[in-house]
Amino acid sequence: MTGDRLAGRASRFYAAYFGVLGVFMPFAGPYLETRGLGAVGIGCVVAAFSLAKVLYSPWIGRLVDRGRSGRGLLLVHGLIAAVAAAMLPMARDAWSLGAVMTIIGLGYGTILPLVEAVVLSHAPSGYGRFRVWGSVGFVVLAVSTAALLDRFGVGLFPPLLAAALGITAAASSAFDGAAAPSVPATTHAVPGPAWLLIAILTVHQMTHGPYYAFFSIRLADHGFGGLWIGALWSVGVVAEMISFRAGDRLGRRLSWRTLLGLALALTPLRWAALCLEPSLWTIVPAQLGHAVTFGLAHIAGVQLVQQSVPVGAVRFAQSLYSGLAFGFGIVVGSALAGPLYAMSPATAFGGAAALSVLVAGAWFALRR
């Protein structure tokens, strides 16, 4: 795959793939609420979307590494997710909604790590400039979906989600031929250091749990209106985009290990800032920190995962990283944040800061 062709396909894919999250993350909860689910039911159904990929995606990654997958794997999984999303209105209760959401998560979550393995194999130094289009897609779809739902009602959520997933399926099909290994590999084992790296990255994502679950609630409780909350979330997205653009250059200059260590070392400061009384003087710097705690940590982490395993295990390793860090890690972190936040917001974000200190210490102790 030539450089220009890869750049175009990767940029379109990331914009489509993370555009799906621009539809899902802000509006899945309100849609499920209109279907009669309470807070616990909404939490479980949304969790099914993320947890679905924890076991299934690595299993598919291992099959692909061993050359046992058929052509059209990415397209088929994308279409399965799109059809399942279109069936959401047919689900009658929390159990059937959870089952449909699990199928959506299985199809959607399988695609990313296989494409990431291709992109990092062909253009490791260009990952950041491709991935930034995912942030653009998220913002565009989130704003567009908000406008459409305001006008036509939240019942439009399933077809919009299905359409976004269909576009993602089409964009991912460009990588179907390259997703499978071109030659048999001599080993498919993930070495111990790679498992340690993935474990550290997973716990790092757990520390984001209070932020994803309660940041908007904390702002609203202190008098910030909807426009301010949206604007402050946008500050984090813009900071993330800047970090993706600069990340490749920083990684080459500092090394990926150094960049990840820097991100992990600075993460406790962000969560400590959110322990303070919310004001623009504390919230804006904390949101700018998203460039470090998410952007730089992810771009360094995904590169190190790719480099720490043999060629015959890259798809399995990337699937493990995606499923554990962004599935298991975020869900568990959000669940644990609930009782801590009930004690006090400072307890939840202080706990995240303390855990981040342990993560950074583990990285510097084990990074060799």
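Numbering of residues starts from 1 in every chain and runs along the sequence as written. With the structure being a predicted model, the display of local features is reserved for residues of pLDDT at least 70 and the display and counting of side-chain atom pairs for 80 or more, all residues being used for whole-chain, interface and lining totals. By convention in this description, side-chain values take in all heavy atoms of the structure and omit both hydrogens and water.

Summing up its helical and strand segments, the protein has 15 helices and 0 strands in all. Whereas a compact globule of 368 residues would reach a radius of gyration of roughly 21 Å, the protein reaches 20 Å, a difference of no more than 12%. Taking the principal axes of its C-alpha atoms as reference, the protein extends roughly 60 × 50 × 35 Å. Per-residue accessibility, obtained with a 1.4 Å probe over protein chains only, is compared with the maximum for each type, and a residue is labelled buried under 20%, exposed over 50%, and partly exposed between these values. Counting only residues that meet the buried cut, the protein has 52% of its 368 residues in that class. Helix and strand labels come from DSSP, where a helix needs a run of H or I of at least four residues and a strand needs a run of E of at least two; each type is numbered from the N terminus. Both definitions apply: the radius of gyration is a C-alpha atom measure, and the globule rule equals 2.2 Å times residues to the power 0.38.

Moving on: the nonpolar core. The biggest cluster of nonpolar side chains holds 89 residues, and the ones touching the most others in it are Ile104 and Leu161. Ranked by the residues each element gives to this core, the list is headed by helix α1 (residues 3-34), at 15 residues. Think of a nonpolar core as a cluster: buried Ala, Val, Leu, Ile, Met, Phe, Trp, Tyr and Cys residues, connected wherever their side-chain atoms sit within 4.5 Å.

All right, on to unusual backbone geometry then. You will see that Ser255, though not glycine, has its phi angle at about 90°, which is positive. Relative to the helices and strands, Ser255 is located in the loop between α10 (226-254) and α11 (256-275). Look at Ser255 and you get partly exposed, because its relative accessible area is 32%.

Turning next to the side chain of Ser172. Here Ser172 is to be found in helix α6 (residues 157-172). Exposure remark for Ser172: the relative accessible area of 0% places this residue in the buried category.

Looking now at helix α12 (residues 280-288). Each α-helix turn comprises 3.6 residues. Residues three or four places apart therefore point the same way. Within α12 the residues assigned to the buried category are Thr282, Ile283, Ala286 and Gln287. Buried residues of α12, viewed axially, fall in a sector of 120°; they line one side. In this context, the arc is that of the directions from the helix axis out to the C-beta atoms.

To continue, consider the packing of aromatic side chains. Pairing of aromatic rings covers Phe, Tyr and Trp, the last through its six-membered ring, and needs centres within 6.5 Å; plane angles under 30 degrees mean stacked, over 60 mean edge-to-face, and all others mean tilted. In total, this model carries 16 aromatic pairs according to the counting rule given. Between Tyr14 and Phe18, the ring centres sit 6.4 Å apart and the planes meet at 20°, which makes this aromatic pair stacked. In this pair, Tyr14 and Phe18 both sit in helix α1, 4 residues apart, roughly one turn of the helix. Geometrically, the ring pair formed by Tyr211 and Trp271 is tilted, given 5.9 Å between the ring centres and 40° between the ring planes. In this pair, Tyr211 sits in helix α9 (residues 209-221) while Trp271 sits in helix α11, placing the two residues 60 residues apart along the sequence. Trp271 shares its class with Tyr211; the two are buried. Connected via pairs of aromatic rings, a cluster forms that spans Phe13, Tyr14, Tyr17, Phe18, Phe24, Phe49, Tyr108 and Phe175. Think of it as a cone above the ring: NZ of Lys or CZ of Arg counts as a charge over the ring if it is within 6 Å of the ring centre and within 35 degrees of the ring normal. Across the ring face of Phe18, the terminal group of Arg131 is positioned such that the distance to the ring centre comes to 3.8 Å. The ring of Tyr211 has Arg270 lying over it, and the distance from NZ or CZ to the ring centre is 4.4 Å.

What follows concerns the confidence of the model for the protein. Summarising the model, the protein shows a mean pLDDT of 84, and 92% of its residues fall at 70 or more. Residue-level confidence of the predictor is summarised by pLDDT, bounded by 0 at the bottom and 100 at the top. Element-level pLDDT for the protein is lowest in helix α7 (residues 176-179), with a mean of 63, against a maximum mean of 94 in α6.

In this analysis an axis means a line fitted to C-alpha atoms, helices contributing only their contacting stretch, and an angle means the value between N-to-C directions, from 0 to 180 degrees. Axis separation between α11 and α12 bottoms out at 9 Å; the angle between their running directions is 155°. Here α11 lies roughly antiparallel to α12, going by the angle between them. Read as a crossing pair, α11 and α12 show a hand that is left-handed. Judged by residue contacts, Arg270, Ala273 and Leu274 of α11 engage Thr282, Ile283, Ala286 and Gln287 from α12. Here the contact of α11 with α12 is composed, by residue class, of 4 nonpolar, 2 polar and 1 charged. Any angle from 65 to 115 degrees is called roughly perpendicular, while one under 35 is roughly parallel, one over 145 is roughly antiparallel, and all others are oblique. Note on convention: near helix rotated counterclockwise from far helix by under a right angle means a left-handed crossing. Clockwise means right-handed. Any two residues whose heavy atoms approach within 4.5 Å at even a single point are treated as in contact. Here the nonpolar group is Ala, Val, Leu, Ile, Met, Phe, Trp, Tyr, Cys and Pro; Asp, Glu, Lys and Arg are the charged ones; every other residue, Gly included, is treated as polar.

Right, let's get into a nonpolar patch on the surface. Residues qualify for a patch when their relative accessible area is over 30% and they have no salt bridge, like charges being joined within 9 Å and the nonpolar side chains of Val, Leu, Ile, Met, Phe, Trp and Tyr within 5 Å. Note on areas: Shrake-Rupley, 1.4 Å probe, and residue coverage restricted to the protein chains presented here. Every case where a carboxyl oxygen of Asp or Glu lies within 4 Å of a side-chain nitrogen of Lys or Arg is listed as a salt bridge. Together, Leu254, Leu262, Leu266 and Leu269 make up a nonpolar patch on the protein surface, roughly 340 Å² of accessible area in all. Within the secondary structure, Leu262 sits in helix α11.

Moving on, we come to the environment of Pro339. Counting through the fold element by element, Pro339 comes out in helix α14 (residues 314-343). It is 34 Å that separates the C-alpha atoms of Pro339 and Leu304, two residues lying 35 residues apart in sequence.

Quick look at a positive patch on the surface now. A surface patch of like charges, here positive, comprises Arg129, Arg245, Arg249, Arg252 and Arg253. Per-element tally for the positive patch: the top contributor is α10, with 4 residues. Checked against the element boundaries, Arg249 lands in helix α10. With a relative accessible area of 46%, Arg249 lands in the partly exposed category. Positive charges come from Lys and Arg alone, negative charges from Asp and Glu alone, with His and the N- and C-terminal ends not counted. Charged groups are reduced to one reference atom each: NZ for lysine, CZ for arginine, CG for aspartic acid, CD for glutamic acid.

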